[in-house]
Amino acid sequence: MPGEPGAPGAVAPDSRFTIRAYEPGDESAILELFARAFGVSRTVAHWRWEFEQNPLGARRISLAFDSDGRLVGQYAGYPVSFRDGDAGFMAHQIGDTMTDVSVRHVGRGPTSIFGQIAGHFYRTYCDGQVAFNYGFNVSNVQKFSMRFLRSDRVEPVPYRVRDLRADPIARIPRAARWLRGFQLELVTDPGEEWDRFFEQVAPAYRFLTRRDAQYIRWRYLEHPGRTCFIVAIRKWRRLAGWSVFRVREHRLIWGDALFDPRHPEAVEVLLRHIVPGYPVDALEAWFPKRPEWFDAILANLRLEVRTEPQDLALMCVPFAIPDATARMRERLYYTMGDSDLF
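So, here's what we can say about the structure. None of the values given here were measured: they were computed from a predicted structure.

Taken as a whole, this structure holds 1 cavity of 30 Å³ or more when the rule is applied. Reported here for the largest cavity is a volume of approximately 50 Å³. Every residue lining the largest cavity is listed: Phe82, Tyr134, Phe136, Thr209, Leu314, Met328, Leu332, Tyr334 and Asp338. For the lining of the largest cavity, the class distribution of residues is 7 nonpolar, 1 polar and 1 charged.

This paragraph deals with the state of the cysteines. A covalent bond between the sulfur atoms of two cysteines is referred to as a disulfide. For the structure on display, the rule yields 0 disulfides. In this structure cysteine 316 is not part of a disulfide, and its nearest cysteine sulfur, from cysteine 126, lies 11 Å away. Its relative accessible area of 0% is what places cysteine 316 among the buried residues.

The complete set of buried residues in helix H10 (residues 324–331) reads Ala324, Thr325, Met328 and Arg331. End-on, the buried residues of H10 take up no more than an arc of 165 degrees, which puts them together on one face.

If you walk through the whole model with that rule in mind, you get 38 aromatic pairs. For the pair phenylalanine 82 and tyrosine 134, a centre-to-centre distance of 5.5 Å together with 90 degrees between the ring planes defines the contact as edge-to-face. Here phenylalanine 82, found in strand S3 (residues 71–84), pairs with tyrosine 134, found in strand S6 (residues 132–137); they are 52 residues apart in sequence, far enough to count as distant. Across the pair, tyrosine 134 and phenylalanine 82 agree in class, each one buried. With a centroid separation of 5.8 Å and an interplanar angle of 65 degrees, the aromatic rings of phenylalanine 82 and phenylalanine 207 are classed as edge-to-face. One end of the pair, phenylalanine 82, is in strand S3; the other, phenylalanine 207, is in strand S10 (residues 207–209), and 125 residues separate them in sequence. For the residue pair phenylalanine 82 and phenylalanine 207, the accessibility class agrees, reading buried in each case. By the ring-pair criterion, three or more aromatic residues cluster together here, those being Tyr205, Phe229, Phe245, Trp254, Phe259, Tyr278, Phe287, Trp293, Phe294 and Tyr333. Over the ring of phenylalanine 342 we find arginine 246; its NZ or CZ atom is 6.0 Å from the centre of that ring.

Calculation rules
Residues numbered from 1 in each chain as written. Predicted model: local features only at pLDDT ≥ 70, side-chain atom pairs only at ≥ 80, totals over all residues. Heavy atoms only, no water. 1 Å grid on protein atoms, 1.4 Å probe; cavity = no way out; pocket = protein on both sides within 12 Å on 5 of 7 lines; lining within 4 Å. Points joined across faces, edges and corners; volume = space filled by probe spheres on them. Nonpolar A, V, L, I, M, F, W, Y, C, P; charged D, E, K, R; others polar. Disulfide = S-S within 2.5 Å. Buried < 20%, exposed > 50% of the residue type's maximum accessible area, 1.4 Å probe, protein only. Helix = DSSP H or I, 4+ residues; strand = E, 2+ residues; numbered from the N terminus. Arc of directions from axis to C-beta. Phe/Tyr/Trp six-rings, centres within 6.5 Å; stacked < 30°, edge-to-face > 60°. Lys NZ or Arg CZ within 6 Å of the ring centre and 35° of its normal.

Listed below in structure tokens is the structure:
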């Protein structure tokens, strides 16, 4: 807990650096640090979408500046609404955490710049405010987070793939779809029907991000430079499920999905309509083995479970819900769309 020896809240301030919350105008320095830290640029529009236009909350960012006023570290996240059974609560998805190479030698563990800004973020935005923080980290960050930042490793990312060169997916004829009552549509503006659909099917998934119309619109359709697309499938004109895809190099990434368990065949019909239309070598996705009924569908579709290429793992820092990690391991449903990597 904060204030315990070794926890972020116990770190004495370093007079060489200023640790504070985001202030208007900091975004220019943040984008410059992002380019230095990751070697790629990010637009102001992308930053505003992620940290200012989220309908659930904005500007949850902790920053570190050196004695010359130069930004050298950021720990940031944005709020996400979750549903677990009948309970609803807020959590943070952590992303865009970074430090400048010039300060990576400063301190160790909780006294490092990364440790100090994480501690500030916990105290300012998390304690008494959210159920948990979560994110998807590579192995070296996992070790640091577990040792110094009260983080738990929930599980390896559940990476699934179907090699379409060796095992292609056959297109379903239009007549066959119609005879079974299925219609597909490209989604540009999910409405109230999507809210009702989430409420209807959420109990079958148990614990998941609140995938209502507002979330889908912000997460996928309002994303600057959007490259993904959303496809809905209907059974006799009633929504039976939806999926989000994007093409990356020679792979079709199945980034998100929600289906009505009463119509399990809708998953196969949707894939047999979408996948053959793209000249790709593989279908890739993240889906855990929860819920069991959906895992069985994926197994029948021959999506092979493999080790995630970057050795990513789902991480959790509990706050208001002390057993958040155990809950995740037992029943959380998530996809690549729940990360910042889709």
